[in-house]
Amino acid sequence: MISTQPIKGNLKPLKILLADDDKDDRLFFSMALKEITIPTKLTTVVDGEKLMDYLSENTDQLPDVIFLDINMPRKNGIECLTEIKQNKKLKDLPLIMFSTSNSRDKIGMVFKNGADVYIHKPSDFSQLKQVISHALPIAVENMFSNGSLKYILNA
Amino acid sequence: MAIIKKTDEEELLIAHKELAFQKEEKEKLAGELIIARKELAFQKEEKGKRAAELGIANIELAYQDDEKGKRAAELGIANIELAFQDEEKEKRAAELGIANIELAFQDDEKGKRAAELGIANKELAFQNEEKEKRAAELSIANKELAFQNDEKEKRAAELGIANKELLFQNEEKEKRAAELGIANKELLFQNEEKEKRAAELGIANEELLFQNEEKEKRAAELGIANKELAFQNDEKEKRAAELSIANEELAFQNEDKEKRAAELIIANKELSFQNEEKEKRAAELIIANKELAFQNEEKEKRAAELIIANKELLAFTYISSHDLQEPLRKIQTFVTIILENENENLSENGKYNFQRMQLAAGRMQLLIDDLLAFSRVATTELKFEKTELTVIIEEVKTELKDTIQEKHATIEAIEIGSANIIAFQFRQLMYNLISNALKFSNPDIASHIIIDSKIVKGDKLNNEKLSPEKNYCHITVTDNGIGFEPQFSDRIFEVFQKLHGKEVYTGTGIGLAIVKKIVENHNGIITATSELSKGARFDIYIPAA
């Protein structure tokens, strides 16, 4: 499922790819993007397999940032993360993990596999907007500093 | 020629005769041949018969050989079986031997005891006999004494009679003397003739006087003898009385001994009965012991099963709580979206209801978070390390900084050392206890929390659940808050137990359950002591490494 976002002002919109199997979460995410000040263009896929297909089919039109849910059917977020980081063409893409889990083990594993930011999905819509607004600049900045900064964004 | 002829004739005759003889012989021989042939034929037949018989006999022998082979095989098997039976018999004989030795030993023991009892009985019987003999002797001696007494009384009576007779004779003699005096006067009168007679009578008188004196002496002697006899009688009666007393005493002692012998027999029976009872009870105890051991095993099995089931349950709680979070988060997000984006379109009542919904959802989230924390405490691996308690307390104070300020609370840590603990769990324990103390502080006075830790030997701690020989790290957390009624000191550690409505004090009733679980993970115990509005004290005892 692909939706587009009109360009705000003169800035070139940030191309965002979201992989999440939950329809409501995709809805919250696109609503939040519409309400933040950073101009974005969102593409969504519904599981890990679809994500990897999309990336291999659009090598010349890659996203600027990927938001990755951890619990997904067929191929989960961590598997996607590992594959992306092992792929020469994709390994520099900023990756933001996006999950309900708050377990230390999971967060540790995510960072070990090369994720830049970990977001614990908030239950408040304004907090959701806030964490997305915070995460985007970090991820973009990491793109230029070889992913040396790690952030956990908790509502 | 004639001679020749004659000779020839003679020769012929001779030749004829010879021929006839030879013919006869031949006939005889032929007859004999026929007989011989017949005999041969008969013999042949007989041989044939015998050959046939031999054939049959051979077959029979072969059959008998077979049978013997079979029987030999059977005998071999039977022999093996017999050898096996022999072995079994020897084993049983050995067992019997052992049992016999044991029985013999028991018999010996019984024999010894019986012999001892027999000896004791014989001795008693011998003593009895002796006493009876003495009693008999005493009774004989008594009888003899009585007999002697009788004799002496008879003699005394006879002496009395003799005395009376002598007295009577004396009187008679005096009478005669008086008569003689009269006769003398008569004789004096008769003078001359009578003077002779008087002289004779004087002599006779003197003699009589002498005889009288003699009789009086004897009477006196008899009196003395009488007194002596009476004295001897007295003595004998005394001895007889003494003897009868001694007899009575002996009879009494006899009775006593018989009673004791009877009592001993009864006691013996009772002892053997008690012995039997004890053996029965020992056997019963062995059976009971076996049963107990079996029950113990069963209980251990069940305990192991329960532990597994418990772990599974906790894992289930963890997973289900985790999955419950998802839909809840969405409800909360939708509520915030509506409240944010549709604010103008909602009536005041609609807004209020949405806010209530948000509160309820928030409370559910709190519950799930706490449940997750509880099950995590119960399921995660336990890694003990020596940790400074001060570090943990400082971390918790930093974390609770805002609340501490808000409640104007002071947290005082005294004599805090290090302990062998699961650091991240203990941090949660301290967090829960301190935040609890802050939450239930008295609104009228500044909250004051004192944390203390000491290493103390179990026997000094006044708690029966602690082993007296072990050293414990005793940590106390004391506050001056609102406290609680003493009867709730156990219940507050149970999951979902709250003493206040959620409108008054927030919380899920899981915090202290987590605390207890953590203390249990440290193999320790925790107690709470309080009175309403007099503060609360939590005592934690964990084994010191």
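Right above here is the structure, for reference.
From a predicted model like this one, the values you see are computed outputs, not experimental measurements.

### Points about the overall build of chain B
- If you tally the helices and strands in chain B, you get seven helices and seven strands.
- Shown N-terminal to C-terminal, the secondary structure of chain B runs as helices and strands in the order α-α-α-β-α-α-β-β-α-β-β-α-β-β.
- Computed over the C-alpha atoms, the radius of gyration of chain B is 71 Å, more than 25% above the 24 Å expected from 2.2 N^0.38 for a compact globule of 545 residues.
- Projected onto the principal axes, the alpha-carbon positions of chain B cover approximately 205 × 205 × 45 Å.
- Contacts spanning at least 24 positions in sequence make up 73% of the contacts within chain B whose residues lie at least 6 apart.
- For chain B, the accessible surface area stands at approximately 39200 Å², while carbon and sulfur atoms represent 57% of it.
- With 81 positive and 108 negative side-chain charges, chain B shows a spacing of 3 Å between the two charge centroids.

### Focus: the sheet that holds strand β2 (residues 410–414) of chain B
Residues and elements named next belong to chain B.
- In space, the five strands of this open sheet follow the order β2-β4-β5-β7-β6, with mixed pairing throughout. Taken across any chain shown, the strands that pair with only one partner, and hence form the sheet edges, are β2 and β6 (525–530). Adjacent strand axes in the sheet meet at a mean angle of 15 degrees, parallel and antiparallel pairs treated alike.
- Bridge analysis of strand β5 (residues 471–479) against strand β7 (residues 536–543) gives seven bridges, and the strand direction is antiparallel.

### Here's the deal with helix α6 (residues 423–439) of chain B
All names here are of chain B.
- Taking 1.5 Å per residue as the helical rise, α6 with its 17 residues ought to reach 24 Å, and the 24 Å between its terminal C-alpha atoms agrees with that figure.
- With twelve of 17 residues buried, α6 lies mostly within the body of the structure.
- Among all positions of α6, only A423, Q425, F426, L429, M430, N432, L433, I434, S435, N436, A437 and L438 are buried.

### Observations concerning the interface of chain A and chain B
- Taken together, the contact between chain A and chain B spans 18 residues of the former and 15 residues of the latter.
- Together, F28(A), T100(A) and S123(A) form the three largest contributors to the area buried by chain A at its contact with chain B, with a combined 40%.
- The interface formed by chain A and chain B includes four salt bridges.
- One salt bridge connects D25(A) with R329(B), and the closest N-O pair in it is separated by 2.9 Å.
- For the interface between chain A and chain B, the tally reads seven residue pairs in polar contact (both at pLDDT 80 or more).
- Elements supplying a minimum of two residues to the side of chain A that touches chain B: α1 (23–35) and α5 (125–144) of chain A.
- The dominant element in the side of chain A that touches chain B, judged by the number of residues it contributes, is α1(A), at six residues.

### Some thoughts on the nonpolar core
- With 44 residues, the main nonpolar core has F426(B), L429(B), I451(B) and F538(B) as its most contacted residues.
- The leading source of residues in this core is α6(B), at seven residues.

### Topic: empty space enclosed by the protein
- In the structure shown here, the tally under the stated rule is one cavity of 30 Å³ or more.
- Estimates place the volume of the largest cavity at around 40 Å³.
- Every residue along the wall of the largest cavity is listed here: D25(A), F28(A), F29(A), F98(A), K121(A), P122(A), L128(A), R329(B) and T333(B).
- Mapped onto the lining of the largest cavity, the elements with two or more residues apiece are α1 of chain A together with α2 (192–341) of chain B.
- Partitioning the lining of the largest cavity into residue classes produces five nonpolar, one polar and three charged.

### Quick word on the packing of aromatic side chains
- Evaluated as defined, the whole model comprises six aromatic pairs over all chains.
- With centroids separated by 5.6 Å and ring planes inclined at 75 degrees, the aromatic side chains of F29(A) and F98(A) adopt a geometry described as edge-to-face. Of the two residues, F29(A) is situated in helix α1 and F98(A) in strand β4 (residues 95–99); the sequence distance between them amounts to 69 residues. Comparing F29(A) with F98(A), the two get one shared label, buried.
- Their ring planes at 85 degrees and their centres at 6.1 Å tell us that F493(B) and F538(B) sit as a pair that is edge-to-face. Here the residue F493(B) occupies a position in the loop between β5 and α7 (511–521), and F538(B) occupies one in strand β7, the gap between them amounting to 45 residues. When sorted by exposure, F493(B) lands in the same class as F538(B), which is buried.
- Members of the aromatic cluster, joined through ring pairs, are F29(A), F67(A) and F98(A).

### Topic: helix α2 (residues 48–57) of chain A
All names here are of chain A.
- Inspection of α2 places G48, L51, M52, Y54 and L55 among the buried residues, and these make up the whole buried set. With its buried residues spanning 160 degrees around the axis, α2 presents them on a single face. Exposed residues lying more than 90 degrees from the buried face of α2 are S56 and E57.
- Contacts made by the buried residues of α2 are with β1 (14–19), β2 (40–45), β3 (65–69) and α3 (77–86).
- One side-chain oxygen of the residue at the start of α2 lies 2.9 Å from the amide nitrogen of E49, identifying that residue as D47.

### Notes on unusual backbone geometry
- Non-glycine residue R74(A) carries a positive phi angle of around 70 degrees.
- You can call R74(A) exposed: its relative accessible area is 63%.
- Even without being a glycine, N462(B) presents a positive backbone phi close to 60 degrees.
- You can see N462(B) is positioned in the loop between β4 (448–457) and β5.

The rules behind the values
- Residues numbered from 1 in each chain as written.
- Chains lettered and ligands numbered in written order.
- Predicted model: local features only at pLDDT ≥ 70, side-chain atom pairs only at ≥ 80, totals over all residues.
- Heavy atoms only, no water.
- Helix = DSSP H or I, 4+ residues; strand = E, 2+ residues; numbered from the N terminus.
- Rg over C-alpha atoms; globule rule 2.2 N^0.38 Å.
- Contact = heavy atoms within 4.5 Å.
- Areas by Shrake-Rupley, 256 points an atom, 1.4 Å probe, with all protein chains shown as cover.
- Lys, Arg positive; Asp, Glu negative; His and termini not counted.
- Charge placed at Lys NZ, Arg CZ, Asp CG, Glu CD.
- Pairing = 2+ DSSP bridges.
- Axes fitted to C-alpha atoms, helices over the stretch in contact; angles between N-to-C directions.
- Expected span 1.5 Å × (residues − 1).
- Buried < 20%, exposed > 50% of the residue type's maximum accessible area, 1.4 Å probe, protein only.
- Buried area = accessible area lost by both parts, 1.4 Å probe.
- Salt bridge = Lys/Arg side-chain N within 4 Å of Asp/Glu carboxyl O.
- Polar contact = N/O pair within 3.5 Å; in protein donor to acceptor, adjacent residues only side chain to side chain.
- Core = buried A, V, L, I, M, F, W, Y, C linked by side-chain atoms within 4.5 Å.
- 1 Å grid on protein atoms, 1.4 Å probe; cavity = no way out; pocket = protein on both sides within 12 Å on 5 of 7 lines; lining within 4 Å.
- Points joined across faces, edges and corners; volume = space filled by probe spheres on them.
- Nonpolar A, V, L, I, M, F, W, Y, C, P; charged D, E, K, R; others polar.
- Phe/Tyr/Trp six-rings, centres within 6.5 Å; stacked < 30°, edge-to-face > 60°.
- Arc of directions from axis to C-beta.

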